[in-house]
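Structural description and commentary
As a plain string of letters, each chain reads:
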Amino acid sequence: MNAVLAVKQYVSKMIEDSGPGMKVLLMDRETTGIVSMVYTQSEILQKEVYLFERLDSANREAMKHLKAICFLRPTKENVEFLIQELRRPKYSIYFIYFSNVISKSDVKSLAEADEQEVVAEVQEFYGDYIAVNPHVFSLNLLGCCQKCPMIRYQLSSESAKRLAECVKQVITKEYELFDFRRTEVPPLLLILDRSDDAITPLLNQWTYQAMVHELLGINNNRIDLSRVPGISKDLREVVLSAENDEFYANNMYLNFAEIGSNIKNLMEDFQRRKPKEQQKLESIADMKAFVENYPQFKKMSGTVSKHVTVVGELSRLVGERNLLEVSEVEQELACQNDHSSALQNVRRLLQNPKVTEFDAARLVMLYALHYERHSSNSLPGLMTDLKNRGVSEKYRKLVSAVVEYGGKRVRGSDLFSPKDAVAITKQFLKGLKGVENVYTQHQPLLQETLDQLIKGKLKDSQYPYLGPNTLRDRPQDIIVFIIGGATYEEALTVYNLNRTNPGVRIILGGTTIHNTKSFLEEVTASGFRGRSTESSQVMPRSSSRR
């Protein structure tokens, strides 16, 4: 199972099946993103695709010498655009591919519109997702492999149960799509709910990919650096893609200190081969100066100069926002059970002017989730501290909203069992060399869930099967989907589980890929607004589930 390769093969087959000759690739907004995640424009150009157009663009010129390859989502809007297109075709012939199931009535409407008989074929190619990494995919939704899988879902989540039932209905209705290439052990689809682990998306991250998303934001592999002080025009937006960037592919799961060291090694290797071009490389600032002073290096290793810029900005933000100290307390809140120490450390950081209101509120959210029912709970005092230091009411309200979203009353699992926390930490440190420090103690709940699933010990009482359980052997192909969004920390967990469990293949998907900012937007979009911060208690959540 490889999410990137599957989409690449679909796109390649579309282009090949259209035969030789000049082509235009006609897409919608979503499929444009799907294709751009796995192919660069130059790679597509090598396949005789000379033009990229949006179906909804009103100003396209007629070019009868081009063949049109249409890759579209099967929405009512796209079908209507296609009908208008076929009534007045701009290209010589059309090869139409939908990214998901298209209804027979829509196909009939297209056939009726094709009076000039320009449509060569209509097919369904099921690449209806954003391939983030080979083992990670996203639907790019906020607020919210072609084999027939067994389905398990998180019992505590009504949303997970509903989605499981909807998937089962589609499989039953479109059974012929899943009735081939059967395997001895069927794949397993495990549907989870983000609200079962609201801790993971609230933490600062220290591995490269996750850290970039947390501090800068990754949108379809693109990073906006336009607000970086003194940024050059050619680096205002950069692309980080493991498919086309060897340095990124080799370093995306390493911790921050290792990234800087690896960049330094590349530069020193360049200096050894160019004795005249010696310069000290003792800091990120030295590396940035080196790139600026030696255009030859920049030309030879453009991707490295891009990473010097990214790492330089990460380093600046870490210092400016005091994130080392913030992260250490976050990890204490997530992984340890010393209430007195945690409270003292949170209060100390709330008094630190370098700590932003965003990070101050995040610390109180983590405290509220962990010590929600502790006998010495001091949340009212912390809320007063937030107000006194000028934290906006928007963030103060989000504290209670996050507890409503993912508090103890909602969760089906125990996030803070001392025994489990120690066991998970030990397993994590054993599996990853070189990251045994206070900033990487935490391991997502997903680690424990998948570990139990692989061993055949995941409780049916918490994660029931939809329908009878015919899975006699442990699953080999596992698709995990998190309603409410996955995280890059969980992507790292899946990467390591794939590495350390030969014969098991896991793919992680989610409605989106979160950092803390987008997660808090998710909480708000899901209807959790928080209550007025004037009263002193976080209200218990009503019994209704979202």
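Report on the accompanying structure.

We now examine the environment of glutamine 205. Locating glutamine 205 in the fold gives a position in the loop between strand S9 (188–193) and helix H8 (208–215). For glutamine 205 and serine 327, which are 122 residues apart along the polypeptide, the C-alpha to C-alpha distance reads 8.2 Å. Excluding anything up to four places from it in sequence, glutamine 205 contacts Thr200, Ala210, Met211, Glu214 and Glu489. Polar contacts involving the side chain of glutamine 205 include one to the side chain of glutamate 489, which spans 3.1 Å.

Moving on: the packing of aromatic side chains. If you walk through the whole model with that rule in mind, you get twelve aromatic pairs. Look at phenylalanine 137 and phenylalanine 481: their rings are 6.2 Å apart centre to centre, the planes differ by 25 degrees, and that puts the pair in the stacked class. Of the two residues, phenylalanine 137 and phenylalanine 481, neither departs from the other in class, the shared state being buried. Seen in terms of ring centroids, tyrosine 405 and phenylalanine 519 are 5.5 Å apart; in terms of plane orientation they differ by 80 degrees. Their pairing is edge-to-face. Pair noted here: tyrosine 405 is in helix H18 (residues 393–406) and phenylalanine 519 is in helix H22 (residues 516–525), with a separation of 114 residues, a long-range link. Classification of tyrosine 405 as buried rests on a relative accessible area of 0%. Owing to a relative accessible area of 0%, phenylalanine 519 belongs among the buried residues under this scheme. Taken together through their ring pairs, the aromatic side chains of Tyr10, Tyr97 and Phe125 make up a single cluster.

Attention now goes to the sheet that holds strand S8 (residues 150–153). Sheets are built from strands that pair by backbone hydrogen bonding, the pairs being arranged parallel or antiparallel. Judged by pairing direction, the sheet is mixed, and its six strands sit side by side in the order S6-S7-S14-S12-S9-S8 without closing on themselves. The sheet is open, and its two edges are formed by strand S6 (130–133) and S8, each paired on a single side. Each adjacent strand pair in this sheet contributes to an overall mean axis angle of 25 degrees, direction not counted. Where strand S7 (residues 136–138) meets strand S14 (residues 505–510), three bridges bridge the pair, whose relative direction is parallel. By the bridge assignment, serine 138 is partnered in S14 with glycine 510.

Turning our eyes to something else, we now look at the sheet that holds strand S3 (residues 67–72). Reading across from one edge, S2-S1-S3-S4-S5 is the order of the five strands in this open sheet, with parallel pairing throughout. The outermost strands of the open sheet, each flanked by one partner alone, are strand S2 (49–54) and strand S5 (119–124). Across the sheet, the mean angle separating the axes of adjacent strands is 15 degrees when strand polarity is ignored. Bridge analysis of S3 against strand S4 (residues 93–98) gives six bridges, and the strand direction is parallel. Within S4, the residue paired with cysteine 70 across the bridge is isoleucine 96.

Here is what the cut-offs are and how they apply
- Residues numbered from 1 in each chain as written.
- Predicted model: local features only at pLDDT ≥ 70, side-chain atom pairs only at ≥ 80, totals over all residues.
- Heavy atoms only, no water.
- Helix = DSSP H or I, 4+ residues; strand = E, 2+ residues; numbered from the N terminus.
- Contact = heavy atoms within 4.5 Å.
- Polar contact = N/O pair within 3.5 Å; in protein donor to acceptor, adjacent residues only side chain to side chain.
- Phe/Tyr/Trp six-rings, centres within 6.5 Å; stacked < 30°, edge-to-face > 60°.
- Buried < 20%, exposed > 50% of the residue type's maximum accessible area, 1.4 Å probe, protein only.
- Pairing = 2+ DSSP bridges.
- Axes fitted to C-alpha atoms, helices over the stretch in contact; angles between N-to-C directions.

Keep in mind these values describe shape, not function.
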